[in-house]
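Descriptive analysis of the structure
Residue strings, one per chain:
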Amino acid sequence: MKKLILIFCALFTLQLCYTQIIPDEDYIQEQMAIRHVPGLSAVVIIDDSVYWNGNFGFMNLEDSLPVHDSTLFNAFSIGKSVTTSCIMQLWDKGLLELDQNINDILPFYLINTRNDQDSITPRMLMSHTSSLKEPDYVSYFLYGDPTDELGFFVENYYTASGSYYSYQNFSNNYPGTWFHYCNHAMGLLGYLAEPILGQPFSQFAKDSLLTPLEMNKSAWFLDELDMSKLATGYEYVSGNYEPWGHLGHPAYPGMMLRTTALELANYCNMLLNQGIFDSTELLSADAVDSMSTVQNPNWAGIFGATGLGMFYRQDLGNRSVWGHNGGSGAGYAAHMYYCEQEGTGVVIMTNSEQYMPDLVTYLFDFAWLVITDISENEQRLLPNLKVYPNPANNRISLASCQKIEEIHIYNLSGQEVVKMEGVLDIDISAFIPGIYILEARTEDGVMRKKFVKR
């Protein structure tokens, strides 16, 4: 199942390079204006490498500093996926088991004080089903790096004698029976590496994952960054951009990774390629498969069903993707997703608090256009074609702001199935079930959309 990308590569006879086309940068800037995004960096991954990356707007409005390839953003919750990958490296080495009791590892005893259950496992921490809660994680933010060490914080937060303990830090539910998104639980997950290895999680993450991924500008702490490259985060309030200061949090493995879009794309590429980056295996295929397996379809947040450190969603252009959103607060928002079936990935990082799912979908659609490479691929992809319903049984309808002059439909082998004048309703009842590419030609360019015939 996890090798579908190889099948698609064979179907498309992908080459190492494509006729160069670029996304519609006017559309990207239009989306930024709609969502009040000061600065943005984006990457499209195709076929094991970065196909395109672009930088837009300003990393610092006060000094009019433009976003560039080395601009750092706070990835916030995308760091949860990175932390999970680090712990999965320990699993690969046999240093922990996904379903073992974390009290076998911790130097202190952790029990849900609401129901006296002590059966929390790494899998539960990774899938947000541990029964741990955080009634108020925001109050633990501070300007600058955290002053508490990770181990001190999690022990004092989750043990009854701790200085940060509250009965509200646990739910009534038994561990492993209920989904509740929890930043502090991911901090605890990262801490598991410390008693096993005898070193801080941040150092372990740097040595085992960030450095091999060539994420050399990335770090968890401000004092490890080139601060001249760190974008200022902004909140848009009453027509004005209000800057945030740079924050720290003691549960940093869950929310404080700063990185560039290009460096985060290396991590995304590694997941897309079953744990391999630049011919080096950083995670086993089994580890990536475990991360990208829905743990329970009933365990889901607003961004999809939970795997391990990632979420599965199908609302970004009718495709199946794995990844994570980050931020939507404290001045930043980010996306990192990959589609194994199409062999593509998208990374978007911003210094605003607004998610950009329409742009994520557009860039995945753009990548699909490049891969299929059917005809006239030197033209820009126009982003306003809708095909619905999708998937469809018997008929599809089209909607576009452009006047469609001609329609071509191709199968995955690149063979033309239908050619017709610009109609907006098409009978597909005789099509063989599968994936098709609809190409709509206008006087301004070519629009392409994937659709599925059931």
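For the structure, see preceding data.
Right, let's walk through the structure included here. (Residues numbered from 1 in each chain as written. Predicted model: local features only at pLDDT ≥ 70, side-chain atom pairs only at ≥ 80, totals over all residues. Heavy atoms only, no water.)

1. A closer look at the overall build of the chain
Which entries qualify depends on this criterion: Only DSSP runs of H or I covering at least 4 residues are called helices, and only runs of E covering at least 2 are called strands; the numbering of each starts at the N terminus. When a residue's accessible area, from a 1.4 Å probe over protein chains only, is under 20% of the maximum for its type it is buried; when over 50% it is exposed; and in between it is partly exposed. It only takes one pair of heavy atoms within 4.5 Å for two residues to be counted as in contact. In this tally, Lys and Arg are treated as positive and Asp and Glu as negative; His is ignored, and so are the chain termini. Taken as the charge centre is NZ of Lys, CZ of Arg, CG of Asp or CD of Glu, depending on the residue.
Helix and strand counts for the chain stand at eleven helices and 24 strands. The dimensions of the chain, computed from C-alpha atoms along their principal axes, are 75 × 50 × 40 Å. Looking at the chain as a whole, 57% of its 454 residues qualify as buried. Put simply, of all contacts in the chain between residues at least 6 apart along the chain, 67% involve residues at least 24 apart. The averaged location of the 52 negative side-chain charges in the chain is 7 Å from the averaged location of its 25 positive side-chain charges.

2. Details of helix α5 (residues 150-158)
The buried count for α5 comes to seven of nine residues, which makes it a mostly enclosed element. Those residues of α5 lying buried are Leu150, Gly151, Phe153, Val154, Asn156, Tyr157 and Tyr158. Buried residues along α5 sit in contact with α6 (183-191), α7 (193-197) and α8 (201-210).

3. Here we look at the sheet that holds strand β23 (residues 434-442)
Defined as follows: Strand pairing is assigned whenever DSSP detects at least two bridges linking the two strands. The axes used here are C-alpha line fits, helices contributing only the stretch in contact, and every angle between their N-to-C directions lies in the interval 0 to 180 degrees.
Ordered in space as β21-β20-β23-β24, the four strands form an open sheet in which the pairing is antiparallel. Each edge of the open sheet carries a strand with a single partner, namely β21 (416-421) and β24 (445-453). On average, adjacent strands in this sheet sit at an angle of 20 degrees to one another, irrespective of strand direction. Pairing between β23 and β24: nine bridges, direction antiparallel. Considered in β24, the bridge of Arg441 is made with Val446.

4. Quick word on the sheet that holds strand β3 (residues 65-66)
As summarised here, the arrangement of the nine strands in space is β3-β2-β1-β17-β16-β15-β14-β13-β12, forming an open sheet in which the pairing is antiparallel. Edge positions in the sheet fall to β3 and β12 (300-301), since each of these pairs with one other strand and no more. The sheet contact formed by strand β14 (residues 311-313) and strand β15 (residues 321-329) spans three bridges and is antiparallel. By the bridge assignment, Arg313 is partnered in β15 with Val321. The sheet strands contacting helix α11 (residues 357-372) are β1 (39-46), β2 (49-60), β15, β16 (332-339) and β17 (344-350), and the helix crosses β17 at an angle near 145 degrees.

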